[in-house]
Amino acid sequence: MSASKQPIALVTGASRGVGRGVAISLLDAGFRVYATGRSITTAELPDEVQRLPCDHLNDEETDTVFRAIEANGAGLDLLVNCAWGGYERMVEDGAFTWPAPFWEQPIHRWTSMIDAGVRAAFVCSARAAQLMVPQGRGLIVNISFWAAQKRIGNALYGISKAATDKFTSDAAEELKTSCVAVISLYPGLVRTEAVLAAAASGAFDLANSESPEFIGKVIAALHRDPGLSKRSGHALVAAAIAAELGVKDIDGRAPRALSIADV
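Definitions and cut-offs
Residues numbered from 1 in each chain as written. Predicted model: local features only at pLDDT ≥ 70, side-chain atom pairs only at ≥ 80, totals over all residues. Heavy atoms only, no water. Buried < 20%, exposed > 50% of the residue type's maximum accessible area, 1.4 Å probe, protein only. Helix = DSSP H or I, 4+ residues; strand = E, 2+ residues; numbered from the N terminus. Pairing = 2+ DSSP bridges. Right-handed = clockwise from strand over helix to strand, strands pointing away. Salt bridge = Lys/Arg side-chain N within 4 Å of Asp/Glu carboxyl O. Axes fitted to C-alpha atoms, helices over the stretch in contact; angles between N-to-C directions. Contact = heavy atoms within 4.5 Å. Disulfide = S-S within 2.5 Å. Polar contact = N/O pair within 3.5 Å; in protein donor to acceptor, adjacent residues only side chain to side chain.

## Concerning the pairing of strand β7 (residues 138-143)
By the criterion of burial, β7 is predominantly enclosed, with six of the six residues buried. A two-sided burial pattern is seen for β7, the buried positions comprising Gly138, Ile140 and Asn142 on one face and Leu139, Val141 and Ile143 on the other. Note: strand β4 (residues 78-81) against β7, four bridges, orientation parallel. Counterpart to Asn81 in the pairing with β7 is Asn142. When β7 meets strand β8 (residues 180-186), the two strands line up parallel, connected through six bridges. What sits directly across from Ile143, in β8, is Leu185. Note on the crossover from β7 through helix α4 (residues 155-175) to β8: the handedness is right-handed.

In structure tokens, the structure reads:
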């Protein structure tokens with residue numbers, strides 16, 4: 001990355017939660033940030049963030065986003081795939097359906113996890129690679145979780161995260177001669193709006209939680225990391241990378257990295 005060039009980032013699903021926090025931190029780190037989401041125009045984001053309304057279930061809307069970035073003429077240095085609808089409608093008709101066995105899962109959860117999550121990341125990554133490969137640089141970050149490696153919550157959750165990590169691995173292999181890196185990044189317990197609401201009723205212990213901005217700070221550090229290419233294709237734990245690269249959360253704390261045994 002040239003010292004004189006402001007890096008360009010696209011964060012999908014940035015209206016709230018992790019995506020919103022990532023967009024804020026990347027802006028603070030000096031990126032020019034484009035942010036997408038169905039309700040991005042009303043999201044609580046700094047004015048400097050370039051808002052591009054988009055439902056990533058609609059490929060035409062996704063194409064419009066990338067045409068806007070390409071028209072800017074500065075390329076694309078970083079894509080963070082945060083678009084995800086899997087935590088919506090966890091309670092239906094008074095029943096908490098999230099942990100139900102696969103034969104009792106509402107089919108809309110496939111759409112919100114696989115289509116709005118995995119497929120959206122695939123499509124956005126393909127469009128991003130078309131910009132990154134010719135310029136010979138770039139980083140694609142897929143937000144994932146330990147559900148890729150053990151059963152957590154429900155079968156669909158595991159399918160979506162396992163697919164995300166497999167895509168990361170194979171995409172990195174296909175991009176290895178292009179100086180474009182692809183990683184999966186595992187957050188810990190993130191203090192999103194939904195988590196804070198649940199914690200107020202005693203559902204979560206926030207002692208080792210992370211701010212949504214923390215993930216963005218880790219991503220910015222990874223983008224600067226001279227050893228980034230060696231990480232490509234791997235699933236990384238955000239808190240572990242933060243400890244390695246000297247990244248602290250916005251409150252100055254260093255969240256403890258969780259292992260698969262902790263989740």
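## A closer look at the pattern of salt bridges
For the structure shown, the criterion picks out 14 salt bridges. The salt bridge partner of Arg38 is Glu88, with a shortest N-O separation of 2.9 Å. You can see Arg38 sitting in the loop between β2 (32-37) and β3 (50-53) and its partner Glu88 sitting in the loop between β4 and β5 (91-92), a full 50 residues away along the chain. Residue class for Arg38 comes out exposed when judged on its relative accessible area of 58%. What makes Glu88 partly exposed here is its relative accessible area of 26%.

## A short note on the sheet that holds β8
One open sheet holds the seven strands; their spatial order is β3-β2-β1-β4-β7-β8-β9, and the pairing between them is parallel. Of all the strands in the sheet, just β3 and β9 (235-237) have a single pairing partner and so form its edges. Between one strand axis and the next, the sheet turns through 20° on average, direction left out of account. Against the sheet, helix α3 (residues 108-135) contacts β4, β7 and β8, and its axis sits at roughly 175° relative to β4. Here helix α8 (residues 238-245) sits on the sheet in contact with β8 and β9, set at roughly 70° to β9.

## Notes on the state of the cysteines
By the definition in use, this model includes zero disulfides. In this structure Cys82 is not part of a disulfide, and its nearest cysteine sulfur, from Cys124, lies 11 Å away. Judged by its relative accessible area of 12%, Cys82 is buried. The thiol sulfur of Cys124 is not disulfide-bonded, and the nearest other cysteine sulfur, from Cys54, lies at 6.7 Å.

## Concerning the environment of Asp262
Mapped onto the elements of the fold, Asp262 is located in the segment after α8. A C-alpha to C-alpha distance of 9.8 Å links Asp262 and Trp146, two positions 116 residues apart in sequence. Not counting residues within four places of it along the chain, the set of residues in contact with Asp262 comprises Arg256 and Ala257. Engagement of the side chain of Asp262 in a polar contact is seen with the backbone nitrogen of Ser259, the distance being 2.8 Å.

## Things to note about the pairing of strand β1 (residues 8-11)
Alternating positions in β1 separate into two faces, Ile8 and Leu10 on one and Ala9 and Val11 on the other, with burial throughout. Pairing geometry for β1 and β2, over four bridges, is parallel. Note that in β2 the partner of Leu10 across the bridge is Tyr34. Each parallel crossover has a hand, and the one from β1 via helix α1 (residues 17-28) to β2 is right-handed. Where β1 lies against β4, three bridges are found, and the strand directions are parallel.

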